[in-house]
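Now for the letters of each chain:
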Amino acid sequence: MSTDLIDIHAPAIEIQSLVKTFGENEVLKGIDLTVMPGEVVCVIGPSGSGKSTLLRSVNLLEEPTGGRILIEGIDVTDPETDIDRVRTRIGMVFQGFNLFPHLDVLGNLTVAQRRVKKRSKAEAEKIGHEMLERVGLAHKADAYPGHLSGGQQQRVAIARALCMKPDMMLFDEPTSALDPELVGEVLQVMRDLADEGMTMLVVTHEMGFAREVGSRLIFMDGGHIVEDGDPREVLGNPQHQRTQDFLSRVL
Ligand code: ADP
Ligand code: MG
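Residues numbered from 1 in each chain as written. Chains lettered and ligands numbered in written order. Predicted model: local features only at pLDDT ≥ 70, side-chain atom pairs only at ≥ 80, totals over all residues. Heavy atoms only, no water.

- Identification of the chain as Amino acid ABC transporter ATP-binding protein from Microbacterium istanbulense is taken from an unreviewed UniProt entry.
- A UniProt comment under Subcellular location (unreviewed entry) is attached to the chain, and it reads "Cell membrane".
- Taken verbatim from the UniProt record of the chain, the Sequence similarities (unreviewed entry) comment is "Belongs to the ABC transporter superfamily." (UniProt positions renumbered as here; feature names shortened; annotations may be inferred.)

Following this line, the structure appears as structure tokens:
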């Protein structure tokens, strides 16, 4: 089957009974999660609960031990599936900015476009400028990452992911490494993306963002999804003791 045949009615992400073990350590203990196109699903939970492993499993940076993951209806756990093709539909932004220090901003934005998307230099640069505009950094195309603030570097990392024209974006604690005064500018870019209808799965400690921007909020603990619901409900009226304990520590 060609991976170009996208089922537009399919969930963006469908995770079924996902199990992931590292040696003896069962880190994901049967995760079921469906993300529909346009949803912004935020994930919170204590350190070590499996949030990053879940996100990394979605684009197969981690190979599932059990269960299935479907991206836009395509089973990425099926060995027949061309995972690289599916991966290009998923943008990912991590805590660290992971920019190439020896390339200027535009260079950072065009490398993968040229290598993976086989775009011409001119086309890649045109798209690069467009995406820089979108994250409010049109004037920084020639700057080197070392000369940018952490917030600017993270916005470049988001622009770089957007250059691939992904159908969905995964964010793993994108503001956790930032000085507090730089968090807002990155959250604003993410909020704009959400308003434009981008499908997003966001691991975050920013409860304000989760409450205001999230369409759903998931609380993970010990490799399980403990709670999954409307952000205001989960934060304001948590149903499980473990959620209550966690929220009382962080809020
Ligand atoms: P979180 O993002 O919620 O803090 P992680 O998904 O990073 O949690 O980690 C969950 C558990 O999986 C932790 O116990 C961690 O040590 C373990 N783990 C994560 N990645 C690896 C790996 N590559 N090898 C072995 N153990 C890992
Ligand atoms: Mg993590």
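1. Overview of the site of ligand 1
So, step 1. As a structural note, the neighbourhood of ligand 1 is formed by Phe22, Asn25, Val27, Pro46, Ser47, Gly48, Ser49, Gly50, Lys51, Ser52 and Thr53.
So, step 2. Gly50 places a main-chain nitrogen or oxygen 3.1 Å from an oxygen atom of ligand 1.
So, step 3. One of the side-chain nitrogen or oxygen atoms of Lys51 is found 2.8 Å away from an oxygen atom of ligand 1.
So, step 4. For ligand 1, whose accessible area on its own is 550 Å², the fraction buried by protein is 58%.
So, step 5. Looking at the shell around ligand 1, the elements that each hand over two or more residues are strand S2 (25-35) and helix H1 (51-58).
So, step 6. With 3 residues, H1 is the largest single contributor of residues to the shell around ligand 1.
So, step 7. Of the residues that constitute the shell around ligand 1, the class distribution is 3 nonpolar, 7 polar and 1 charged. (Near = heavy atom within 4 Å. Polar contact = N/O pair within 3.5 Å; in protein donor to acceptor, adjacent residues only side chain to side chain. Areas by Shrake-Rupley, 256 points an atom, 1.4 Å probe, with all protein chains shown as cover. Helix = DSSP H or I, 4+ residues; strand = E, 2+ residues; numbered from the N terminus. Nonpolar A, V, L, I, M, F, W, Y, C, P; charged D, E, K, R; others polar.)

2. Re the sheet that holds S2
So, step 1. Read from one edge of the open sheet, 4 strands run S2-S1-S4-S5, paired in antiparallel fashion. Across the chains shown, the open sheet's two edge strands, defined by having one partner strand only, are S2 and strand S5 (74-75).
So, step 2. Looking at chain direction, strand S1 (residues 13-22) and strand S4 (residues 66-71) are connected through 5 bridges and run antiparallel. In the sheet register, Glu14 faces S4, and the bridge partner there is Leu70.
So, step 3. Contacting S1, S2 and S4, H1 runs over the sheet at an angle of about 120 degrees to S1. (Pairing = 2+ DSSP bridges. Contact = heavy atoms within 4.5 Å. Axes fitted to C-alpha atoms, helices over the stretch in contact; angles between N-to-C directions.)

3. Re the nonpolar core
So, step 1. Membership of the largest hydrophobic core comes to 49 residues, with the highest contact counts inside it found for Ile158, Met169, Phe171, Met190 and Met200.
So, step 2. If you tally residues by element for this core, the top one is helix H6 (residues 180-195), at 8 residues.
So, step 3. Met169 has contacts with Gly91, Val93, Ile158, Ala161, Leu162, Leu193, Met198, Thr199, Met200 and Leu201, leaving out every residue within four places of it along the chain.
So, step 4. Ranked by size, the runner-up nonpolar core spans 29 residues in total, among them Leu33, Leu170, Val203 and Ile218. (Core = buried A, V, L, I, M, F, W, Y, C linked by side-chain atoms within 4.5 Å. Buried < 20%, exposed > 50% of the residue type's maximum accessible area, 1.4 Å probe, protein only.)

4. A short note on unusual backbone geometry
So, step 1. A positive phi angle is found at Ser17, which is not glycine, with a value near 50 degrees.
So, step 2. Mapped onto the elements of the fold, Ser17 is located in strand S1.
So, step 3. Phi at Glu72 takes a positive value of approximately 50 degrees, unusual for a residue other than glycine.
So, step 4. Tracing the backbone shows Glu72 in the loop between S4 and S5.

5. Thoughts on the pairing of strand S10 (residues 224-229)
So, step 1. Across 5 bridges, strand S9 (residues 216-221) lies against S10 in antiparallel orientation. From the neighbouring strand, Phe219 faces S10, where its bridge partner is Glu227.

6. A few points about the packing of helix H5 (residues 150-163) against H6
So, step 1. With their axes 8 Å apart at the nearest point, H5 and H6 run at an angle of 20 degrees to one another. Relative to H6, H5 is oriented roughly parallel. By crossing handedness, the relation of H5 to H6 is classed as right-handed. For the pair H5 and H6, contact is made by Gly150, Gly151, Gln152, Gln154, Arg155, Ile158 and Leu162 and by Leu182, Glu185, Val186, Val189, Met190 and Leu193, respectively. (Parallel < 35°, antiparallel > 145°, perpendicular 65-115°, else oblique. Left-handed = near helix turned anticlockwise from the far one by under 90°.)

7. Notes on the pattern of salt bridges
Pairing is possible between side chains of opposite charge, provided their charged atoms come close.
So, step 1. Overall, the coordinates contain 12 salt bridges when judged by the stated rule.
So, step 2. A salt bridge links Arg68 to Asp75, with the shortest nitrogen-to-oxygen separation between them at 3.2 Å.
So, step 3. Given the relative accessible area of 16%, Asp75 is considered buried.
So, step 4. Linking Arg87 and Asp84 is a salt bridge whose minimum nitrogen-to-oxygen distance equals 3.1 Å. Remark: Asp84 and Arg87 occur in helix H2 (residues 83-87); sequence separation between them is 3 residues, near one turn of the helix.
So, step 5. Exposure remark for Arg87: the relative accessible area of 29% places this residue in the partly exposed category.
So, step 6. One network of salt bridges, in which partners are shared, links Glu39, Arg216 and Asp228. (Salt bridge = Lys/Arg side-chain N within 4 Å of Asp/Glu carboxyl O.)

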